[in-house]
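Structural overview for review
The residues making up each chain are set out below.
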Amino acid sequence: YGYNIARKNLINKSIFLAEGYMAVIKMHQFGYKNTVASLGNSLTTEQAKLIKKTADKLYVIYDSDIAGIQASLRALEIALEEGLEVKVVSIIESKDPDEYLSNYGKDSFEVLLDNADDYLIFNIKNIRSRYNLKSESQMIDFLKESVEFIKKYLNTFVGIKWIVKTWPQT
């Protein structure tokens, strides 16, 4: 939803992805006309391919509930497979971008965009949220799961590109 408008209004070859049309309408009202909706909490491969035709970067701004977080994790995987650079905007103070913009305004939303997490960080934060880090045994479990995720990530094409991009040049 909204792709016909978003593709004509790209900012830095980026598209914002929300769940529903109300979020798209609100974001357009606040000047983010490069916003689309997957209409549901599930980005499809076909939608990611369409986005890739016009944009290089995708900001996933799904709802802040458990379903939205899980959908963000799936959207990250799909978008990365299609060659998009992906970031996740976490909206903690509100249930969705529509409510956040209404309550806090554009300046606060810009801060969220500036602090968007990449694939690796978003996944580690998600893993961390499942553990009580004050417990030594849970801290160890968190570290084990995080290391396994990082090992898996580094063995992917995206992980290899990240290593090359961030490795110090000599």
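Below: a short report on this structure. Bear in mind that the values here come from a model prediction, so they are computed numbers and not experimental data.

Rules used in this analysis
- Residues numbered from 1 in each chain as written.
- Predicted model: local features only at pLDDT ≥ 70, side-chain atom pairs only at ≥ 80, totals over all residues.
- Heavy atoms only, no water.
- Core = buried A, V, L, I, M, F, W, Y, C linked by side-chain atoms within 4.5 Å.
- Buried < 20%, exposed > 50% of the residue type's maximum accessible area, 1.4 Å probe, protein only.
- Helix = DSSP H or I, 4+ residues; strand = E, 2+ residues; numbered from the N terminus.
- Contact = heavy atoms within 4.5 Å.
- Pairing = 2+ DSSP bridges.
- Right-handed = clockwise from strand over helix to strand, strands pointing away.

So, on to the nonpolar core. Formed by 30 residues in total, the largest nonpolar core has its most connected members in L43, I51, L58 and V60. Where this core is concerned, the elements lending two or more residues are α1 (3-6), β1 (14-18), α3 (45-52), β3 (57-60), α4 (66-81), β4 (85-88), α6 (119-128) and α7 (136-154). Considering every element that reaches this core, the biggest residue donor is α4, with seven residues. The residues contacting L58, other than those within four sequence positions of it, are I15, L17, L43, I51, A79, L84, E85, V86 and K87. Among the nonpolar cores identified, the runner-up in size contains 13 residues, and F16, M27, F109 and L112 belong to it.

This paragraph deals with the side chain of D117. With respect to the element layout, D117 can be found in strand β5 (residues 117-118). Dropping the residues within four chain positions of it, D117 is found in contact with V86, K87, V88, S90, F122 and K125.

What follows deals with helix α2 (residues 21-29). Every buried residue of α2 is listed here: A23, V24, K26, M27 and H28. Buried-residue contacts for α2 involve α1, β1, β2 (35-37) and α5 (97-114). The first or second residue beyond α2 is G31, which carries a positive phi of 100°.

Before going further, it helps to examine the pairing of β3. Burial along β3 is two-sided: the face carrying K57 and Y59 and the face carrying L58 and V60 are both buried. Bridging between β1 and β3 involves four bridges; their strand directions are parallel. The residue bridging S14 from the neighbouring strand is K57, located in β3. Crossover β3 to β4 through α4 is right-handed.

Purely spatial values, then, with no claim about function.
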